[in-house]
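Here's the letter readout for the chains.
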Amino acid sequence: MKVGDRHYRSIWVEDGAVKIIDQRWLPHEFRVVTVETLDEFAAAIRDMWVRGAPLIGATAGYGVACAMARDASDASLAGTCEVLNATRPTAVNLRWALDAMRNALAPLPVADRASAAFAKAAAICDEDVEINRQIGLHGLEIIREIAAKKDGPVNVLTHCNAGWIATVDWGTATSPIYQAHEAGIPVHVFVDETRPRNQGAQLTAWELSEHGVPHDLIVDNAGGHLMQRGEVDLVIVGTDRTTARGDVCNKIGTYLKALAAHDNGVPFYVALPSPTIDWTISDGFEIPIEERSPLEVTKVQGKLEGGDTGWVQISPDASPARNPAFDVTPARLVTGLITERGVAAASPEGLAALFPDLAA
Ligand code: MRU
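Residues numbered from 1 in each chain as written. Predicted model: local features only at pLDDT ≥ 70, side-chain atom pairs only at ≥ 80, totals over all residues. Heavy atoms only, no water.

### Looking at the sheet that holds strand 3 (residues 11–14)
Within a sheet, each strand pairs with its neighbour through backbone hydrogen bonds, oriented either parallel or antiparallel.
Reasoning step 1: Spatially, 3-4-5 is the arrangement adopted by the three strands of the open sheet, whose pairing is antiparallel. The outermost strands of the open sheet, each flanked by one partner alone, are strand 3 and strand 5 (32–35). If you compare each strand with its neighbour and ignore which way they point, the axes differ by 35 degrees on average.
Reasoning step 2: With respect to the sheet, helix 1 (residues 38–46) is in contact with strand 4 (17–21) and strand 5, its orientation differing from that of strand 5 by roughly 135 degrees.
Reasoning step 3: Relative to the sheet, helix 2 (residues 53–70) contacts strand 3, strand 4 and strand 5, its axis offset from that of strand 3 by approximately 30 degrees. (Pairing = 2+ DSSP bridges. Helix = DSSP H or I, 4+ residues; strand = E, 2+ residues; numbered from the N terminus. Axes fitted to C-alpha atoms, helices over the stretch in contact; angles between N-to-C directions. Contact = heavy atoms within 4.5 Å.)

### Structural notes on the packing of helix 2 against helix 5 (residues 110–148)
Reasoning step 1: Their axes nearest at 8 Å, the elements helix 2 and helix 5 cross at an angle of 170 degrees. Classified by the interaxial angle, the pair formed by helix 2 and helix 5 is roughly antiparallel. Residues P54, A58, G61, Y62, A65, C66, M68 and A69 of helix 2 pack against R113, A114, A117, F118, A121, A122, I124, C125 and D128 of helix 5. (Parallel < 35°, antiparallel > 145°, perpendicular 65-115°, else oblique.)

### Remarks on the pattern of salt bridges
Side chains bearing opposite charge may pair, as long as their charged atoms lie close to each other.
Reasoning step 1: Under the counting rule described, the total for this entry stands at 20 salt bridges.
Reasoning step 2: The salt bridge involving R102 is made with D99; its shortest N-O contact spans 2.7 Å. In this pair, R102 and D99 are both assigned in helix 4 (residues 93–105), three residues apart and thus about one turn of the helix distant.
Reasoning step 3: With relative accessibility at 31%, the residue R102 sits in the partly exposed group.
Reasoning step 4: On the basis of relative accessible area, D99 is assigned to the partly exposed category, the value being 30%.
Reasoning step 5: Because the salt bridges share partners, they merge into one network encompassing R88, R197, E290, R292 and E296. (Salt bridge = Lys/Arg side-chain N within 4 Å of Asp/Glu carboxyl O. Buried < 20%, exposed > 50% of the residue type's maximum accessible area, 1.4 Å probe, protein only.)

### Looking at the nonpolar core
Generally speaking, nonpolar side chains in soluble globular proteins are found buried as a group.
Reasoning step 1: If you look at the biggest cluster of nonpolar residues, it comprises 73 residues, and the most contacted ones within it are I11, Y62, V64, L84, W164 and L234.
Reasoning step 2: It is helix 5 that contributes the most residues to this core, 11 residues altogether.
Reasoning step 3: Residue contacts for L84: discarding those within four places in its chain leaves L38, F41, A42, I45, A60, G63, V64, L94 and L98.
Reasoning step 4: In terms of nonpolar packing, the next biggest core, distinct from the first, is built from 26 residues, V232, V237, A261 and L333 among them. (Core = buried A, V, L, I, M, F, W, Y, C linked by side-chain atoms within 4.5 Å.)

### Quick look at the side chain of T167
Reasoning step 1: Topologically, T167 is positioned in the loop between strand 6 (154–158) and helix 6 (174–182).
Reasoning step 2: Assessed through its relative accessible area of 1%, T167 is described here as buried.

### Looking at the site of the ligand
Reasoning step 1: The environment of the ligand is made up of 17 residues, and the closest members are R51, R88, N161, D240 and K251.
Reasoning step 2: N250 is positioned with one of its side-chain polar atoms (N or O) 2.8 Å from an oxygen atom of the ligand.
Reasoning step 3: At 2.6 Å, a side-chain N or O of K251 approaches an oxygen atom of the ligand.
Reasoning step 4: The set of elements that each furnish at least two residues to the shell around the ligand consists of helix 2 and strand 11 (248–251). (Near = heavy atom within 4 Å. Polar contact = N/O pair within 3.5 Å; in protein donor to acceptor, adjacent residues only side chain to side chain.)

### Let's talk about helix 6
Reasoning step 1: Summarising burial for helix 6: seven of the nine residues are buried, a large majority.
Reasoning step 2: Packed against the buried residues of helix 6 are helix 5, strand 6, strand 7 (187–192), helix 7 (199–211) and strand 9 (234–237).
Reasoning step 3: Phi for G184, located one or two positions after helix 6, is positive at around 80 degrees.

### Brief notes about the packing of helix 4 against helix 5
A pair of packed helices can be characterised by two numbers: the angle between their axes and the separation between those axes.
Reasoning step 1: One way to put it is that helix 4 packs onto helix 5 with a least axis distance of 10 Å and a crossing angle of 140 degrees. In this structure, the crossing between helix 4 and helix 5 has a hand that is right-handed. Contacts between helix 4 and helix 5 pair W96, A97, A100, M101, A104 and L105 from the former with R113, A116, A117, K120, A121, I124 and E127 from the latter.
Reasoning step 2: In terms of residue class, the contact of helix 4 with helix 5 is built from 10 nonpolar, no polar and three charged. (Left-handed = near helix turned anticlockwise from the far one by under 90°. Nonpolar A, V, L, I, M, F, W, Y, C, P; charged D, E, K, R; others polar.)

### Some points on the packing of aromatic side chains
Reasoning step 1: Scanning the model with the defined rule gives six aromatic pairs in all.
Reasoning step 2: Taken together, a centroid distance of 5.1 Å and an interplanar angle of 70 degrees make the contact between Y8 and F30 edge-to-face. Of this pair, Y8 sits in the loop between strand 2 (6–7) and strand 3 while F30 sits in the loop between strand 4 and strand 5; the two residues are 22 residues apart in sequence, bridging distant segments of the chain.
Reasoning step 3: Since its relative accessible area comes to 11%, Y8 is described here as buried.
Reasoning step 4: Ring pairing ties together the aromatic residues Y8, W12, F30, W164 and W206, which thus form one cluster. (Phe/Tyr/Trp six-rings, centres within 6.5 Å; stacked < 30°, edge-to-face > 60°.)

Purely geometric numbers; function is a separate question.
Next up, the structure:
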């Protein structure tokens with residue numbers, strides 16, 4: 001997608017070095033950094049220089065590749081995967097990408113592993129882009145149908161950032177929106193700010209602006225009100241892990257949006273790349289929920305008066321805080337799962353019908 005006039009992916013290789021957009025500084029500063037060592041890759045994922053389930057997986061792939069370039073032994077491969085796998089617990093794409101890297105590299109002679117690892121990481125990235133493009137095309141049909149029945153733009157509410165910057169390109173929840181925009185269907189996005197890290201305010205709003213998609217930033221609590229007034233045509237969110245029966249784990253606050261959508265008869269869709277399906281789990285409450293630093297709750301990051309990006313405390317010094325980063329929306333509240341193979345019902349049968357090869 002575009003930043004200014006230039007097309008970017010969120011991770012790429014340039015002159016043999018792995019480059020990422022350091023998302024901690026967006027929207028006020030656009031910083032590209034090189035990641036090289038295992039410590040840097042682990043910090044990039046854990047401390048959210050990159051974030052979003054698909055991009056976390058892609059970054060881990062390149063983390064393994066860089067480690068293989070230094071030491072391609074079995075011990076290095078196992079140790080690298082272990083360190084990276086421990087960085088964030090909820091997004092299953094991390095485990096998926098590390099398994100894919102290990103399965104591709106372990107059978108090879110040590111001397112061949114580094115080049116094969118870079119090729120495999122690049123393939124994971126290209127696959128992500130194509131999956132998301134397909135999600136966009138399937139989601140586009142849902143938006144097209146709604147557009148045909150109303151005047152004015154189709155109003156989509158989204159939570160967190162499941163945009164191109166959370167993936168390698170296109171995004172998951174945003175891909176149908178970008179496809180509709182490109183197809184000339186008027187589309188407008190209500191962007192939940194998404195406390196505590198404000199991925200909506202800082203990332204989704206930024207990327208929609210850069211790409212010229214009409215949107216309004218709203219506080220997290222406004223969605224239910226807008227749905228009651230008929231101002232939201234559909235909700236599309238991303239997911240960090242979806243179980244085999246269609247329970248959806250996503251950024252904290254998603255469940256409340258699903259409840260409000262259900263109460264108001266607003267369709268609630270989840271954009272779901274197949275690497276985000278955890279076929280080993282059925283009940284969403286088995287998914288490990290990351291508990292992040294309370295400082296993300298007691299402080300807010302933004303542009304300070306002098307123009308620098310910084311943190312401001314908003315709560316009393318003595319007040320403790322809790323920071324569960326994800327919640328689970330039960331399948332019964334989900335209208336449909338928009339995958340790269342089509343729209344599935346959020347049920348074991350719905351997912352298995354589209355992915356018989358993976359469900360098995
Ligand atoms: O904690 P984050 O920013 O890594 O959260 C992940 C997300 O961006 C969202 O939960 C998203 O909707 C799913 S990933 C496309």
